[in-house]
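Examination of the molecular architecture
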Amino acid sequence: MRKRSTTSEEKWQLTGDEQHAGVADDPRAGAETKQTAEERRWEETEVKESQQASDTEVLPLKSQAKEDFQEELVIRPLHSGDIYASFQFRTVWETDFMKGNKVSHYRLFPKSLGQVISKFSVRELHISFTQGYWRTMQWGQPFIPSPPGAELWVWFQDSVTDVDATWKELTNVLSGIFCASLNFIDSTNTLQPSASFKPLGIGNVTDHRFLRYATLPREIVCTENLTPWKKLLPCGSKAGLAVLLKSEKLFHSSFHSQSVHIRPVCQDWQCKSSSWELRQALNVVFDLHTSGQSKREWSLFKMFSRTLTEACPLASSSKIYIDITDNPQEEQFELSPATPLLSQAVVLGDRRTFSVYDLTQQVTFGTVRSLNLMIRWKSSEGDMLRPLLHAERYVAGYGLQTGEIHTLMYNNHPFRSFPVLLLDSVPWYLRLYIHTLKVVSKGKDNNPSYIHYQPSKDRERPHLLEMLLQLPPHSVTEVTVQFERALLKWTEYTPDPNHGFYVGSSVISSLVPSTVAMDINITMEQPLFSSFFPCKEESSYFVRVYTEPLLVNLPTPDFSMPYNVICLTCTVVAVGYGSLYNLLTRSFQIEEPNPGLAKRLANIIRRMRGVPPL
């Protein structure tokens, strides 16, 4: 069966018109069937009976084995000399956690996450851990965006009665699974967006009462987060593309992000049956200078300190994609070893060309049984495709009483405008003056067509601001709002209060015009990196952009003064009260005066004579 699927897959890579061709059209598959029939004729009766018995045991497993695992790696050479590598692992399981069915047998799908879905009635779960900030203007748009720190947003089933209690318990469980600080998520940093986060899978439940969103912008991502993430893979880090995930190399990079996405998806175009999809993604950007390289040359061994020797045995598809769209004639870089397999995919509104390495084929590894892709740069010339949507954010003002938050959104399309949905979350200790909200585009006021604002409550919930704006073509839209800093209690300050307090990133969601027709067939076989966000229109594609997190200083008391006061108070108490206590508790005795020298000598002589002393 592996030979047939591989043959049809090669057809899809080489010719896009034959991607729906069946296995029956393959002459080699027919020859294989004929050969199998001839071999069966030579079998004896006992062998046939044993074969039938074994088939009887295998058939129930095949009827139950409705799981599929795919893995892929996409490498995009950047014009700055850096390398963008994106790992994606997808596990699809046709089962139902929601109808009270107790699932006890797990094969590819991790049992820990399956129990979480079943116990907490989760419809969708999206979690990411990111170290660094994605530089859109230098690297372009990522395949799966994520903000710095930790991000978690969950859609619950409509059968959940107490969403807040379930959300709190879920964050504690996920904190233990991923060895992270998600237990610090509480009501002060939890939101209920009304329009920004829609379900990415199937389902008509869009009631935002069952949605919870939270971020921890100060969360530090380390090896202790990567290890449980790799254990969720069917092959772990023992085989397949996961052997490249070496922590000392991944964290020595400019950007690192790992995420887990769980959602229900359709199995066919009519969506008569659904499956659960677990998608694990890891994005990393290797910097040319921090890697210590003197020349622009990259390879799998230089990036990950390892090479590939085999695909994951449990994977139905294992591929490596190298983006060669800007290098059609090998003018900018040279790729070795070369591959005859090419593939085209529409990614983020642009048609890209990729060189494909199929790890399920032994020819890919060659005679040395090892694959070490190498990219040698020839020229640094060339312009990167400028992203159509870009955003920035910063804090203005002086002093520690008031300030102003500026959010800049760039529409780089030369002649088309498009709407964007802005989600802004501000902690309660930054008290917004919502009457000072201004939106300016090209020097003119830009009135939002939709505004949802939820004021904060001290020590209970943050500010929530959502706006629907229309960005004019080739323009910069600026959103400003003033705030006042609150004075916290001395027990509410962090151990390093002078470092500042982090404010989560703004979230900008938009349908950006596409230069090519997008594929709206969600069940068509296509690469994983181009099928994460569902597409419902051919003329536009969905983009989510995160701004930088803010670092705001608050009025901070001098925490050395309590120490000085304690030392001075203890000194006064020790000197004053100690002296008085000594006088009150000391016992006095009358001591006789010492006799003279002559009297002492006389007493000595009298003792020697046996006479009583004087």
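Residues numbered from 1 in each chain as written. Predicted model: local features only at pLDDT ≥ 70, side-chain atom pairs only at ≥ 80, totals over all residues. Heavy atoms only, no water.

**Let's talk about helix α6 (residues 163-178)**
To be explicit about the condition: Comment: elements are numbered from the N terminus, with helices defined as DSSP H or I runs of at least four residues and strands as E runs of at least two. Residue count minus one, scaled by 1.5 Å, sets the expected span of a helix. Polar contacts, as used here, are pairs of N or O atoms within 3.5 Å; protein pairs need one atom able to donate a hydrogen and one able to accept it. Residues neighboring in sequence count only if both atoms are side-chain atoms.
Its 16 residues give α6 an end-to-end C-alpha distance of 22 Å, which sits within 8% of 22 Å, the value for a rise of 1.5 Å per residue. Looking at where α6 begins, the residue whose side-chain oxygen comes 3.4 Å from the main-chain nitrogen of A165 is D162. C179 sits one or two residues past α6 and shows a positive phi near 55°.

**Here's the deal with the pairing of strand β25 (residues 540-546)**
We count it as follows: Accessibility here uses a 1.4 Å probe with only protein chains present; expressed as a share of the type maximum, an area under 20% marks a residue as buried, one over 50% as exposed, and anything in between as partly exposed. At least two DSSP bridges between two strands are required for those strands to pair.
Counting buried residues along β25, six of its seven residues qualify, which places the element largely inside the surrounding structure. Two elements, strand β24 (residues 507-513) and β25, share seven bridges in a ladder whose sense is antiparallel. Within β25, the position partnered with I508 by the bridge is V545.

**Details of the pattern of salt bridges**
For clarity, the threshold we go by: Any Lys or Arg side-chain nitrogen located within 4 Å of an Asp or Glu carboxyl oxygen qualifies as a salt bridge.
One pass over the structure, following the stated rule, counts 15 salt bridges. Note that D323 and R352 form a salt bridge whose closest N and O atoms lie 3.0 Å from each other. Of this pair, D323 sits in strand β10 (residues 317-323) while R352 sits in strand β13 (residues 350-358), placing them 29 residues apart in sequence. The exposure classification of D323 matches that of R352, with both residues buried. Residues R431 and D458 are paired through a salt bridge, measuring 3.3 Å at the closest nitrogen-oxygen approach. With a gap of 27 residues between them, R431 in strand β18 (residues 430-441) and D458 in the loop between β20 (450-454) and β21 (463-471) connect regions that are remote in the sequence.

**Remarks on the environment of K442**
To keep things clear, this is the line we draw: Every residue pair with non-hydrogen atoms within 4.5 Å of one another is taken to be in contact.
Following the sequence through the fold, K442 ends up in the loop between β18 and β19 (444-445). For K442, a relative accessible area of 53% puts it in the exposed group. The spacing of K442 and H474 is 32 residues in sequence and 9.4 Å in space, taken between C-alpha atoms. Apart from the residues lying within four places of it in its own chain, the contact partners of K442 are P472, P473, H474, S475 and V476. Within polar-contact distance, the side chain of K442 engages the backbone oxygen of P473 at 3.1 Å.

Read these as layout, nothing more, since geometry by itself doesn't imply function.
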